[in-house]
Each structure stands twice: as C-alpha cells, then as structure tokens.
Amino acid sequence: MVIRARTQLGGPIVLVWDNVRLHLVTPLREFFEANADWLTVFQLPTYAPDLNPQEGIWSLVKRDIGNLAAADLSQIARAVKRKLKQIQYRPDLVDGCFVSTGLSADD
C-alpha cells in the first residue's frame, strides 16, 4: 500500500506507525531501510492515541456516521469511504489532526 501511495502521489511518503508487533517485524524494517530515500517512518509508542493523527481522522469519521442506521455492512463501508474521501480534500482537517498531537514534522 505504501508503494501504491508513492506511485499515486508521486513524491516522498511520511508514515506514522504505531508499535503493533506486526509493524516491527524484520521484513518491514528492512523495507523501510531500503526505501529511506523516499520513505520516512515515525514510530509511535505502543499505545499513544493522543500522539496518533489517525485517531483524529477516525474521530471525524465516527462523528459523521455515528447516527447512521445502516441496513448492512456494505452501507457502513460506503459511508466510511465517502467520509474519508471528503476529508482527503480538506487538508485543513488533516493538518488539524496532526497539530492536535503536539508533534512537529520538523523534529
């Protein structure tokens, strides 16, 4: 998925990664090192939702679909995808989720 994002975006990628065991396996670390020219990885502590910008994104999604009375799982999936697409075109929202962590891209 990271390679696909790089292909579609045509530039360097910054990956904010939590420390779930799967994310720390040797093949992934080797991939990160081999692609360090275009891939920057920030490892978060094991459990730190307050430092994870993705938590803010999911909060926005849940707020939007919280009262959805879905007939089935596919309707929920469509609503989530639609909201994520809307957020994608609102860089101010994405930036706000990053800023709310108190982290800086300059660190």
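Computed from a prediction, not measured in an experiment: that's the story for all the values here.

### Brief notes about the packing of aromatic side chains
In this structure the tally under the stated criterion is two aromatic pairs. Seen from their ring centres, Phe31 and Phe32 are 6.3 Å apart, and the 65 degrees between their planes marks the pair as edge-to-face. The exposure class of Phe32 is buried, given its relative accessible area of 11%. Consider the rings of Phe31 and Trp38, whose centres lie 6.4 Å apart with planes at 80 degrees: the pair is edge-to-face. Among the residues examined, Trp38 registers a relative accessible area of 7% and is labelled buried. Among the aromatic residues, those joined into a ring-pair cluster are Phe31, Phe32 and Trp38.

### Things to note about the packing of helix H3 (residues 53-65) against helix H4 (residues 73-88)
Axis angle and axis distance: for two packed helices, these are the angle between their axes and the distance between the axes, and together they describe the pair. For the pair H3 and H4, interaxial distance at closest approach is 10 Å and the crossing angle is 125 degrees. Here H3 is positioned oblique relative to H4, judged by the angle of their axes. For the crossing formed where H3 meets H4, the hand is right-handed. For the pair H3 and H4, the contacting residues are Ile57, Trp58, Leu60, Val61, Asp64 and Ile65 in the first and Ala79, Val80, Lys83, Leu84 and Ile87 in the second. Taken together, the residues of the contact of H3 with H4 sort by class into nine nonpolar, no polar and two charged.

Rules behind the numbers
Residues numbered from 1 in each chain as written. Predicted model: local features only at pLDDT ≥ 70, side-chain atom pairs only at ≥ 80, totals over all residues. Heavy atoms only, no water. Phe/Tyr/Trp six-rings, centres within 6.5 Å; stacked < 30°, edge-to-face > 60°. Buried < 20%, exposed > 50% of the residue type's maximum accessible area, 1.4 Å probe, protein only. Axes fitted to C-alpha atoms, helices over the stretch in contact; angles between N-to-C directions. Helix = DSSP H or I, 4+ residues; strand = E, 2+ residues; numbered from the N terminus. Parallel < 35°, antiparallel > 145°, perpendicular 65-115°, else oblique. Left-handed = near helix turned anticlockwise from the far one by under 90°. Contact = heavy atoms within 4.5 Å. Nonpolar A, V, L, I, M, F, W, Y, C, P; charged D, E, K, R; others polar.

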